[in-house]
Amino acid sequence: MSDSDSDFDFDPRLLESIPDPLGPRAGSSASMRFEQIGAELPVGIQPALQALPTGSARRTRTELQRARWIAVCGSLLWLGMQLGLSGIRGDMSRVPWGYTLALVGLPCVAGIGCIAVALAPGRLGLGLRTGLLMMLALLCPAGFLLVGGLQPLPYPEVPLGNFQFGLLCFNVAMGWTLLPLVLAAYALKNSFVGRAGYRSALVGGGIGLIVASASALRCPLSAVSHVVFSHGGAVIASALLGAYALSRVTRV
Amino acid sequence: MSQYADGDDRAFAVVFEILGPRLLRFLRRLSGSDALAQDLLQDTLLRIHQARGSFRPGASVLPWAFAIARNVFLDSARARKRSPIKSHADDADTSPEPVVSAEAESHVLAREAARVVERALMAMSSVRREAFVLVRFEGLSIVDAAEVLGTTPNAVKLRAFQAYEVIREELARLGGTARPLAGSAARASSGSAP
């Protein structure tokens, strides 16, 4: 039977009639000892402390924040350097502002938004609601494909590109996403207690969208198929890398 | 917990004392095995230590810790390829005790009911078991349990109720003590039948 999200109403007090096989819970006071629940304490407190990892595995809040800033600055530096080496597209003066907004401004904002949502701790530190995360993880990359697909050519003589250039552009975009993904893995290791898959997909998708906006500044090829499959394909691939690879590191 | 997250290792002793027993019970209920629960507790405490920097200041610790413990249990179950776990409820001495008083008889019945409950919990899907354990035995609200399980409050209610129905049926076979509260029968306004 599948869980239905339509309203199901019942009184949780019903459950109190079921006896507890382990006996009454003695609360969470510091006076409780393992012996009270019939199990021997596997290790004392001191050995447990000594068994805890030192070095890079010991991440305090301060260290985590520092790691995140390093990741953000490193990623921006990397993208800036790549864009500087590649150069801004030579026909920028002929591209309408609406086109630039749709393929540069909007993806950049959406990408930052995706990452912010992924990092939001939620009420209990377990992330935002699953439904919201799932929806954004699917809609944001799909939204880029839709927006890119609906754009008219910026001007009549704009170069369209071909399959080979499309593949090249996809490879370049993926290359640009790799270092930010690695930095994200470093900064977000053991950070997501709940919904690690969706949150990591949002981080990957967010990185992909930011790289796509940088790609639109670099790449003069403007065929719809090029934008959708090469640039958009890199966004999708980045989101998938986030969901399946990054999540292995971020999940607690 | 906030001190611990900020790097105060001395706070770990306090965190360990408070969380340890609760987590052990939770893992015992999920896994049905004392030995496995202790192993899982070790892993859970290690993951809590590794993830402490990401703990949200001021948030409630227990749901966060339960979510980590649940992840540990799920990883363990996947690693063991969901091999059936032998519940220690079956290991207990089942030979009839000589009943000498009403109090002793009541004690025997209570023990048998507890065994039935544990067997029923281990026999059902982990999805239902988790929801039931969090709400009934660990005292989490429906909303908090939904956060821990990464699902909706409605789904938690449904799963917990389904688990309750199964256990109640088993107890009824025993002639057990479970009775629904008067005037509070569950109803499904969606019409989705169990």
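Keep in mind that this is a model prediction, so the values were computed, not measured.

Trainee: Mind showing me how you'd approach the nonpolar core here?
Mentor: One recurring pattern in soluble globular proteins: nonpolar side chains tend to sit buried together. B:Leu23, B:Phe132 and B:Ile167 are the most contacted members of the largest nonpolar core, which has 64 residues in total. If you list the elements that add at least two residues to this core, you get helix H2 (10-31), helix H3 (34-51), helix H4 (61-79), helix H5 (102-123), helix H6 (126-137), helix H7 (142-149) and helix H8 (153-174) of chain B. Contacts of B:Ile167, omitting those with residues within four sequence positions, involve A:Ile18, B:Val117, B:Ala120, B:Leu121, B:Met124 and B:Phe132.

Trainee: Which parts of the structure should I look at to understand the packing of H3(B) against H4(B)?
Mentor: Residues and elements named next belong to chain B. H4 packs onto H3 with a crossing angle of 125° between their chain directions and a minimal axis gap of 9 Å. By the criterion of interaxial angle, the relationship of H3 to H4 is oblique. Judged by the sense of rotation from one axis to the other, the crossing of H3 with H4 is right-handed. Of H4, the residues touching H3 (which contributes Leu36, Leu40, Asp43, Thr44, Arg47, Ile48 and Ala51) are Trp64, Ala65, Ile68, Ala69, Asn71, Val72, Phe73, Asp75 and Ser76. Counted by class, the contact of H3 with H4 contains 10 nonpolar, three polar and three charged residues.

Trainee: Would you mind showing me how to read the packing of aromatic side chains here?
Mentor: Any two aromatic rings considered together are summarised by their centre-to-centre distance and by the angle between their planes. All names here are of chain B. For the structure on display, the rule yields four aromatic pairs over all chains. Consider the rings of Phe26 and Phe66, whose centres lie 4.7 Å apart with planes at 55°: the pair is tilted. Taken together, the residues Phe26 in helix H2 and Phe66 in helix H4 connect sequence positions 40 residues apart. Phe66 sits in the buried class, given a relative accessible area of 0%. Where Phe161 meets Tyr164, the ring centres are 6.1 Å apart and the plane angle is 35°; that geometry is what we call tilted. Linking Phe161 with Tyr164, this pair stays in helix H8, spanning three residues, or about one helical turn.

Trainee: Would you mind showing me how to read the environment of A:Trp69 here?
Mentor: All names here are of chain A. Along the chain, the position of Trp69 falls in helix H2 (residues 61-86). The exposure class of Trp69 is exposed, given its relative accessible area of 60%. The sequence separation of Trp69 and Ala187 amounts to 118 residues, and the corresponding C-alpha distance is 8.3 Å.

Reading the values: rules and limits
Residues numbered from 1 in each chain as written. Chains lettered and ligands numbered in written order. Predicted model: local features only at pLDDT ≥ 70, side-chain atom pairs only at ≥ 80, totals over all residues. Heavy atoms only, no water. Core = buried A, V, L, I, M, F, W, Y, C linked by side-chain atoms within 4.5 Å. Buried < 20%, exposed > 50% of the residue type's maximum accessible area, 1.4 Å probe, protein only. Helix = DSSP H or I, 4+ residues; strand = E, 2+ residues; numbered from the N terminus. Contact = heavy atoms within 4.5 Å. Axes fitted to C-alpha atoms, helices over the stretch in contact; angles between N-to-C directions. Parallel < 35°, antiparallel > 145°, perpendicular 65-115°, else oblique. Left-handed = near helix turned anticlockwise from the far one by under 90°. Nonpolar A, V, L, I, M, F, W, Y, C, P; charged D, E, K, R; others polar. Phe/Tyr/Trp six-rings, centres within 6.5 Å; stacked < 30°, edge-to-face > 60°.

Note that every value here comes from positions in space, so none of it alone points to a role or purpose.
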